[in-house]
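# A structural walkthrough
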Amino acid sequence: KQEVTQIPAALSVPEGENLVLNCSFTDSAIYNLQWFRQDPGKGLTSLLLIQSSQREQTSGRLNASLDKSSGRSTLYIAASQPGDSATYLCAVRRANNDMRFGAGTRLTVKP
Amino acid sequence: DVKVTQSSRYLVKRTGEKVFLECVQDMDHENMFWYRQDPGLGLRLIYFSYDVKMKEKGDIPEGYSVSREKKERFSLILESASTNQTSMYLCASTKDRVSYEQYFGPGTRLTVT
């Protein structure tokens, strides 16, 4: 059974810091991995999608990497801003076409 | 931009009531999904659909049913609401089984009293 773990559960940093969020999964037989952002009481917004054949994806200040063999992904946020404060979730798509979500990392960026 | 909308942001229903949650996507996506999100449990898949009139059970289908009469609309039905169905309900869609980038609606927070 696929398990997805995100560490840390919560993170607080001062504005301007670079930071890394971690996602690990137990079954390497995945089709892709997706990172989402969720603001309190809202739905999920897709940030980055990495296909299983890819090693990383970049969008603006965000960079996500994928190491399938070790079952890990990282989301790197450069020059963090207070507006980045949210919960970040990763999800892996399994070969049988469903997704497993991590519990998320709650990020607070202090001005 | 893909848009996924849900009929209500907040709902309060009584135990035993029949509840309908509606989800509509406007990008001709084939696949649609219903999740619930609870603190400490994350997102769990209730039902999904790959085509009109087609449905498949997810991890926690008990107490729920779904309907997909049109490609753009996927409804979640609570036949007889119970307090343990108080949750945030999230609808999502993907273009097809290949691209599989999920787009989510804003969520419906349902409270059953």
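Our subject in this report is the structure included herewith. Computed from a prediction, not measured in an experiment: that's the story for all the values here. (Residues numbered from 1 in each chain as written. Chains lettered and ligands numbered in written order. Predicted model: local features only at pLDDT ≥ 70, side-chain atom pairs only at ≥ 80, totals over all residues. Heavy atoms only, no water.)

## What to know about the interface of chain B and chain A
Applicable threshold: Note on contacts: a residue pair qualifies if any of its non-hydrogen atoms lie within 4.5 Å across the two residues. When two parts are put together, the accessible area they lose, computed with a 1.4 Å probe and summed over both, is reported as buried area. Salt bridge, as used here: a side-chain nitrogen of Lys or Arg that lies within 4 Å of a carboxyl oxygen of Asp or Glu. Here a polar contact is recorded for every N or O atom pair within 3.5 Å, except that within protein the pair must consist of a potential hydrogen donor and a potential acceptor, and residues adjacent in sequence are included only if both atoms are side-chain atoms. Residue polarity is assigned by list, with Asp, Glu, Lys and Arg as charged and Ala, Val, Leu, Ile, Met, Phe, Trp, Tyr, Cys and Pro as nonpolar; anything else, Gly included, falls into the polar class.
Taken together, the contact pairs 18 residues of chain B with 18 residues of chain A. At the boundary of chain B with chain A, total buried surface from both sides reaches about 1,500 Å², with 50% on carbon and sulfur atoms. Ranking the residues of chain B by area buried against chain A places B:Leu43, B:Tyr100 and B:Phe104 at the top, with a combined share of 30%. Close ionic contact of B:Asp59 with A:Arg100 constitutes a salt bridge, the shortest N to O distance being 2.9 Å. Summed over the shared surface of chain B and chain A, the number is six residue pairs in polar contact (both at pLDDT 80 or more). Its residues assigned to classes, the side of chain B that touches chain A comprises 10 nonpolar, four polar and four charged.

## Things to note about the sheet that holds strand β1 (residues 4-6) of chain B
Residues and elements named next belong to chain B. Note the threshold: Note on pairing: DSSP must find at least two bridges between two strands before they are called paired. Numbering goes from the N terminus for both helices and strands, where a helix is a DSSP run of H or I of at least four residues and a strand is a run of E of at least two. Lines fitted to C-alpha atoms define the axes here, with helix axes fitted over just the stretch in contact, and angles between the N-to-C directions of these axes take values from 0 to 180 degrees.
Spatial ordering of the open sheet is given by β1-β3-β8-β7, a layout of four strands whose pairing is antiparallel. Strands at the two margins of the open sheet, each flanked by one partner only, are β1 and β7 (64-70). Going from strand to strand, the sheet's axes swing by 20 degrees on average, the running direction of each strand aside. As judged from the three bridges shared by β1 and strand β3 (residues 19-25), these two strands associate in the antiparallel manner. Counterpart to Gln 6 in the pairing with β3 is Cys 23.

## Let's talk about the nonpolar core
We apply this condition: For our purposes a nonpolar core is just a set of buried Ala, Val, Leu, Ile, Met, Phe, Trp, Tyr and Cys residues, chained together by side-chain atoms within 4.5 Å. For every residue, the accessible area obtained with a 1.4 Å probe (protein chains only) is divided by the maximum for its type, and the residue is called buried under 20%, exposed over 50%, and partly exposed between those limits.
Counting 22 residues, the largest nonpolar core has A:Phe25, A:Leu33, A:Trp35, A:Leu75, A:Ile77, A:Tyr88 and A:Leu107 as its most contacted members. Among the elements of the structure, β3 (19-25), β4 (30-38), β5 (44-51), β7 (62-67), β8 (72-77), β9 (86-94) and β11 (105-110) of chain A are those that each provide at least two residues to this core. For A:Leu33, the residues in contact, after removing those within four places along its chain, are A:Cys23, A:Phe25, A:Leu48, A:Leu49, A:Ile50, A:Leu66, A:Ser73, A:Cys90, A:Ala91 and A:Val92. The next biggest cluster of nonpolar side chains, apart from the first, holds 20 residues, and it includes B:Val19, B:Tyr89, B:Cys91 and B:Val112.

## Let's talk about the packing of aromatic side chains
Counted only if it meets this: Stacked, tilted and edge-to-face pairs are distinguished by plane angle, under 30 degrees for stacked and over 60 for edge-to-face with tilted covering the rest, among Phe, Tyr and Trp rings (Trp via its six-membered ring) whose centres lie within 6.5 Å.
For the structure on display, the rule yields nine aromatic pairs over all chains. Centroid distance A:Phe36 to B:Phe104: 5.3 Å. Interplanar angle 90 degrees. Geometry classified as edge-to-face. Remark: B:Phe104 occurs in strand β10 (residues 103-104) and A:Phe36 occurs in strand β4; the pair is interchain, linking two chains. A residue is classified by how much of its surface remains accessible, and A:Phe36, at 0% relative accessible area, is buried. Residue B:Phe104 is classed as buried on the basis of its relative accessible area, which comes to 10%. Joined through ring pairs, the aromatic side chains of A:Phe36, A:Phe101, B:Phe33, B:Tyr35, B:Phe48, B:Tyr50 and B:Phe104 make up one cluster.

Take it as geometry only, folks, not as evidence of what the structure does.
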